[in-house]
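In case you want the letters, here they are:
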Amino acid sequence: MLTVEQAAQRLGTGVRFVRRIVAERRIRFYKVGKYVRFHPDDITDYIRQGRIDAIRPVLHYRKGEHVYG
């Protein structure tokens, strides 16, 4: 189980961001007494959920113009 500080380091963010996404219930976490902990797989899932695939438009040349299609 990871601490808030370790989760922030793994996400490449600050501790404040991690505490905010916990408060907004945007990431799965566990309460161990008064402490908040994260399973490493839950951090990986959170990263995957934020993934946005690139759109690669095809560029064509028609009569001297650049046309995406």
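Residues numbered from 1 in each chain as written. Predicted model: local features only at pLDDT ≥ 70, side-chain atom pairs only at ≥ 80, totals over all residues. Heavy atoms only, no water.

Per an unreviewed UniProt entry, the protein goes by Helix-turn-helix domain-containing protein and derives from Micromonospora aurantiaca.

1. So, the nonpolar core
We apply this condition: The term nonpolar core refers to a set of buried residues drawn from Ala, Val, Leu, Ile, Met, Phe, Trp, Tyr and Cys, joined through side-chain atoms within 4.5 Å. Only protein chains enter the area calculation, which uses a 1.4 Å probe; residues under 20% of their type maximum are buried, those over 50% are exposed, and those in between are partly exposed. Note on conventions: DSSP H or I runs of at least 4 residues are helices, E runs of at least 2 residues are strands, and numbering of each starts at the N terminus. Note on definitions: a residue-residue contact is assigned when non-hydrogen atoms from the two residues lie within 4.5 Å.
Among the nonpolar cores identified, the biggest contains 13 residues, and L11, V18, V22, I27, F38 and I43 are the most heavily contacted of them. Mapped onto this core, the elements with two or more residues apiece are helix 1 (4-11), helix 2 (15-23) and helix 3 (40-49). Top contributing element to this core by residue count: helix 1, with four residues. Dropping the residues within four chain positions of it, V22 is found in contact with I27, F29, V36 and F38.

2. Examining helix 3
The condition is simple: Directions from the helix axis toward the C-beta atoms define the arc.
The set of residues buried in helix 3 consists of D42, I43 and Y46. Down the axis of helix 3, the buried set is contained in an arc of 105°. They therefore lie on one face. The inward-facing, buried residues of helix 3 contact helix 1, helix 2 and strand 1 (30-32).

3. Considering helix 2
All of the buried residues in helix 2 are V18, I21 and V22. All buried residues of helix 2 fall inside an arc of 105° around its axis, so they share one side. Turned more than 90 degrees away from the buried face of helix 2 sit R16 and A23, all of them exposed. Of the residues flanking the end of helix 2, it is R25, one or two places downstream, whose phi is positive at about 60°.

4. Some remarks on the pattern of salt bridges
This is how it is decided: In the sections that follow, a salt bridge refers to a side-chain nitrogen of Lys or Arg positioned within 4 Å of a carboxyl oxygen of Asp or Glu.
Applying the stated criterion across every chain, the model contains four salt bridges. Residue R28 is joined to D42 by a salt bridge in which the shortest nitrogen-to-oxygen separation is 3.7 Å. Highlighted residues: R28 in the loop between helix 2 and strand 1 and D42 in helix 3, separated in sequence by 14 residues. The exposure class assigned to R28 is exposed, which follows from its relative accessible area of 54%. Residue D53 is joined to R51 by a salt bridge in which the shortest nitrogen-to-oxygen separation is 3.1 Å. Both residues of the pair, D53 and R51, belong to the exposed class.

5. Let's talk about a nonpolar patch on the surface
What counts here: Two joining distances apply to patches: 9 Å for like charges and 5 Å for nonpolar side chains (Val, Leu, Ile, Met, Phe, Trp, Tyr), and every residue must have over 30% relative accessible area and no salt bridge. Per-residue accessibility takes into account occlusion by the displayed protein chains alone, with areas from the Shrake-Rupley method and a 1.4 Å probe.
On the surface, a cluster of nonpolar side chains totalling about 410 Å² of accessible area is made up of M1, Y30, V32 and Y35. Secondary-structure assignment places V32 in strand 1. On the accessibility criterion, V32 (46% relative accessible area) is partly exposed.

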